[in-house]
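# Structural overview for review
Okay, here's what each chain looks like letter by letter:
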Amino acid sequence: MSDELWDRLEPLLPQRERRFRHPGRKPLPDREVLCGILYVLHTGIQWEYLPQGLGFGSGMTCWRRLRDWNEAGVWQRLHEVLLAELNAASRLDWSRCVVDSSHVRALKGGARRAPRRSTGVELAPNTT
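None of the values given here were measured: they were computed from a predicted structure.

### So, the environment of Q76
Within the element layout of this structure, Q76 appears in helix 4 (residues 74–88). Counting along the chain gives 64 residues from Q76 to L12, while the straight-line C-alpha distance between them is 9.9 Å. In this structure the side chain of Q76 is engaged in a polar contact, spanning 2.9 Å, whose partner is the side chain of E80.

Below you can see the structure in the form of structure tokens.
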């Protein structure tokens, strides 16, 4: 991972406080774990098969950190930061923008349709 990308991402990551009385094992640095996450996503291997020799930690460590960062909204904030930078540099072509229901909240209780009226015509079942 480039230093430039890491400098953008690091401030978005939640800071974990170590317990004073029973601190436990020191956590792996976020940058190494992120490289492990990217390795798994790039290669498509299963989390449990992440090679320990690469120095990324275990696959479970990477998976948990990915889950925690997702719940903390890290990826959404990174997406917004990168979009803002690209927009400020006039590098986005908004005419090619697509909006669908997976990204735009559909409010319940919007305009209601009129109830459908029966035409009184019933179709015979297909018996062939």
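### Describing unusual backbone geometry
Negative phi values dominate among residues other than glycine, just as trans dominates among peptide bonds. Phi at S90 is positive, roughly 55 degrees, even though this residue is not glycine. Looking at the element boundaries, S90 is found in the segment after helix 4. A relative accessible area of 64% places S90 in the exposed class.

### Let's talk about helix 2 (residues 30–43)
Here helix 2 is 14 residues long and its end C-alpha atoms lie 20 Å apart, about the 20 Å a rise of 1.5 Å per residue gives. Of the residues making up helix 2, those classed as buried are D30, V33, L34, G36, I37 and V40. Considered in projection along helix 2, the buried side chains sweep an arc of 155 degrees and stay on one side of the axis. Looking at the buried residues of helix 2, the elements they touch are helix 1 (3–9), helix 3 (59–71) and helix 4. Phi for G44, located one or two positions after helix 2, is positive at around 85 degrees.

### Concerning the packing of aromatic side chains
A full pass over the atoms with the stated rule returns two aromatic pairs. Measuring from centroid to centroid gives 6.1 Å for W69 and W75, while their planes differ by 70 degrees, and the two rings are edge-to-face. Judged by relative accessible area, which is 1%, W69 ranks as buried.

Rules and cut-offs
Residues numbered from 1 in each chain as written. Predicted model: local features only at pLDDT ≥ 70, side-chain atom pairs only at ≥ 80, totals over all residues. Heavy atoms only, no water. Helix = DSSP H or I, 4+ residues; strand = E, 2+ residues; numbered from the N terminus. Polar contact = N/O pair within 3.5 Å; in protein donor to acceptor, adjacent residues only side chain to side chain. Buried < 20%, exposed > 50% of the residue type's maximum accessible area, 1.4 Å probe, protein only. Expected span 1.5 Å × (residues − 1). Arc of directions from axis to C-beta. Contact = heavy atoms within 4.5 Å. Phe/Tyr/Trp six-rings, centres within 6.5 Å; stacked < 30°, edge-to-face > 60°.

Worth remembering: the numbers are spatial, not functional.
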